[in-house]
Amino acid sequence: MTEYYMIDDHISVEVAHSEDDPDAASEQHENSAPKQSDSPTVAALSNENIDNQAATAKYLVKVCWSKHRSSIDAGAFGVFIIIAMILGILTVCFTSPNLTVQKCGLKLKETPRQPISYKYGPRSVAVGDFNNDSWSDMVVANHAVNAVAIYFGQNSSSFSTPIQYPTGNGSTPYIVAVGDFNTDSILDIAVANFGSNSIGVFLGYGNGSFEKRAELSIGSSRPIFIGFFDLNNDTTLDIITANYGTQSISILFGYGNGNFSSPTSYSTDYDSFPSSVVTGDFNNDNYLDLAISNYGTDNVQILFGNESGTFAAVIRLSTGLGSHPNSITVGHFNQDVYLDIAVANYGTNQIGILLNNGNGTFANQVNYSTGSASL
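Reading guide: rules and limits
Residues numbered from 1 in each chain as written. Predicted model: local features only at pLDDT ≥ 70, side-chain atom pairs only at ≥ 80, totals over all residues. Heavy atoms only, no water. Helix = DSSP H or I, 4+ residues; strand = E, 2+ residues; numbered from the N terminus. Buried < 20%, exposed > 50% of the residue type's maximum accessible area, 1.4 Å probe, protein only. Contact = heavy atoms within 4.5 Å. Areas by Shrake-Rupley, 256 points an atom, 1.4 Å probe, with all protein chains shown as cover. 1 Å grid on protein atoms, 1.4 Å probe; cavity = no way out; pocket = protein on both sides within 12 Å on 5 of 7 lines; lining within 4 Å. Points joined across faces, edges and corners; volume = space filled by probe spheres on them. Nonpolar A, V, L, I, M, F, W, Y, C, P; charged D, E, K, R; others polar. Domains from an automatic or database assignment. Pairing = 2+ DSSP bridges. Axes fitted to C-alpha atoms, helices over the stretch in contact; angles between N-to-C directions. Core = buried A, V, L, I, M, F, W, Y, C linked by side-chain atoms within 4.5 Å. Polar contact = N/O pair within 3.5 Å; in protein donor to acceptor, adjacent residues only side chain to side chain.

J.: Would you mind showing me how to read the overall build of the protein chain here?
T.: Within the protein chain, the regular secondary structure consists of 2 helices and 22 strands. When each of the 375 residues of the protein chain is scored for burial, the buried share is 36%. Across the protein chain, contacts joining residues at least 24 apart in sequence account for 35% of those joining residues at least 6 apart. Entry remark: accessible area of the protein chain is about 21800 Å², with carbon and sulfur atoms responsible for 55%.

Shown next as structure tokens:
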């Protein structure tokens, strides 16, 4: 029997015989003389068989060595390729011209501070061109002195001394906004008076001066937010307020001449403390809906609108325990055609995103941290 062994990637050949083979027995016993076969023909055949096996072994050794050498050659070639690639990369890196990264061209500069003193108690600011000189002006709600102050822009960095318009004793103006309430293409001002539970309307003349047209009562509401939208599709602006005192929102429909209807109110639930309101078509029926951030009950409340400009069905979307949503806005945040909602959650220092499913329902809120001390 012939056996083959692999030793260091080479073939070792050992020719052996069974215990009955007299030649094998003679190799195991040094003092025993080799026995001669009784048949010379059989011996000749055995020798020939051994020669053939030896030749086969030599052939296998040659083949395996050839393959082993081919493997060595292939490995060397691979190493050569890797070295060549490294040298090529280094050549490109050290010989290519230096590339500069384009930086943002936005530059900010400090401007002179304006006399909006804290003693006035500024609570809110809105921007518009009140005197039609193409410079942006500011109107500020100063709750400590019961007035709104107008600062006229004079150039790209400075403003005039403010002109004060009283909002009434104890009115405590909380938030101010601008819009065209009498359809004369001139900006007007409306202010939510927290102390007197009213909305003050100032109609603009287009030259920077204003007339106090009305003070609209909204009960014991304590308004802390005001916004303008066309809720009934009559091309005139309507007023919405969020009411801290009555846990509600109020809608005053505009007539297009600076006058408004009596308020229509919608409850936002007990202890909800609504803080902000936005509009949008959240169920794709072509009617504006309302989304309200409820600071006290940690949710967003949606009121669905109809063709009459009223609101009926209500859903509530949780913003998380202790989140205290303080402000709300809408936008397309995932590049579909449905309006999504974003809320600023004061209690958890997070921005919450509510993605619209397109049928008046929303996915669960996804939160993004604004930092532990962002408030």
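J.: When you look at empty space enclosed by the protein in this model, what are you seeing that I'm missing?
T.: Any empty space left between the atoms is revealed when a probe the size of a water molecule rolls over them. Within the structure shown, the criterion is met by 1 cavity of 30 Å³ or more. Computed from the structure, the largest cavity encloses a volume of approximately 40 Å³. What lines the largest cavity is Leu231, Asn232, Asn233, Tyr287, Leu288, Gly305, Asn306, Glu307, Gly309 and Phe311. A per-class count over the lining of the largest cavity returns 4 nonpolar, 5 polar and 1 charged. When residues of the lining of the largest cavity are assigned to domains, at least three fall in each of domain 1 (120-267) and domain 2 (273-374).

J.: Before we go on, may I ask you to explain the sheet that holds strand 4 (residues 137-142) in this structure?
T.: Working definition: the strands of a sheet are paired by backbone hydrogen bonds and lie parallel or antiparallel to each other. Within the open sheet, the 4 strands sit side by side as 3-4-5-6. Their pairing is antiparallel. Only two strands of the sheet have a single neighbouring strand rather than two, namely strand 3 (122-128) and strand 6 (163-166). Direction aside, neighbouring strands of the sheet carry axes that sit 20° apart on average. Pairing geometry for strand 3 and strand 4, over 6 bridges, is antiparallel. Note that in strand 4 the partner of Pro122 across the bridge is Asn142.

J.: I'm lost on the sheet that holds strand 17 (residues 299-305) in this one. Help?
T.: Across the sheet, 4 strands lie side by side as 15-16-17-18; this open sheet has antiparallel pairing. Edge positions in the sheet fall to strand 15 (274-280) and strand 18 (311-318), since each of these pairs with one other strand and no more. Each adjacent strand pair in this sheet contributes to an overall mean axis angle of 20°, direction not counted.

J.: Is there a simple way to think about the pairing of strand 18 in this case?
T.: In the case of a regular strand, side chains alternate between the two sheet surfaces. Bridge count between strand 17 and strand 18: 6 bridges; the pairing is antiparallel. The residue of strand 18 that forms the bridge with Val300 is Leu317. From the end of strand 17 to the start of strand 18, which pair antiparallel, there are 5 residues, and Gly309 there has a positive phi angle of about 85°.

J.: Hey, could you run me through the nonpolar core in this one?
T.: Across soluble globular proteins, nonpolar side chains show a tendency to be buried alongside one another. In this structure, Ile199, Ile226, Leu231, Ile251, Val277 and Leu290 are the most contacted members of the largest nonpolar core, which totals 30 residues. Elements supplying a minimum of two residues to this core: strand 7 (173-179), strand 8 (188-193), strand 9 (198-204), strand 10 (210-217), strand 11 (223-229), strand 12 (238-243), strand 13 (248-252) and strand 16 (289-294). Two domains each put at least three residues into this core: domain 1 (120-267) and domain 2 (273-374). Discounting residues that sit within four places of it in the chain, Val277 has contacts with Phe225, Phe229, Ile240, Ala242, Ile249, Leu290, Ala291, Ile292 and Ile328.

J.: Explanation requested: the layout of surface pockets in the structure shown.
T.: Estimates place the volume of the second largest pocket at around 230 Å³. Broken down by secondary-structure element, the contributors of at least two residues to the lining of the second largest pocket are strand 3, strand 7 and strand 11. The residue inventory of the lining of the second largest pocket, partitioned by class, reads 7 nonpolar, 3 polar and 1 charged. Each of domain 1 (120-267) and domain 2 (273-374) contributes no fewer than three residues to the lining of the second largest pocket.

J.: So what exactly am I meant to see when it comes to the side chain of Asn146 here?
T.: Tracing the backbone shows Asn146 in the loop between strand 4 and strand 5 (147-151). At 3.0 Å, the side chain of Asn146 forms a polar contact with the backbone nitrogen of Thr172. Apart from residues lying up to four places away in sequence, Asn146 is in contact with Pro166, Thr167, Gly168, Asn169, Gly170, Ser171, Thr172 and Pro173.

J.: What is the right way to look at the side chain of Asn356 in this model?
T.: Considering the arrangement of structural elements, one finds Asn356 in the loop between strand 21 (350-354) and strand 22 (366-369). A residue is classified by how much of its surface remains accessible, and Asn356, at 4% relative accessible area, is buried. Polar contacts involving the side chain of Asn356 include one to the main-chain amide nitrogen of Gly358, which spans 2.7 Å. Excluding its chain neighbours within four sequence positions, the residues that come into contact with Asn356 are Phe282, Asp336, Tyr338, Leu339, Asp340, Thr361 and Phe362.

J.: How should the environment of Ile163 be read in this particular structure?
T.: Considering the arrangement of structural elements, one finds Ile163 in strand 6. Since its relative accessible area comes to 37%, Ile163 is described here as partly exposed. In this structure the C-alpha to C-alpha distance between Ile163 and Gly208, which are 45 residues apart in sequence, comes to 9.6 Å.

Bear in mind that shape data such as this cannot, by itself, settle questions of function.
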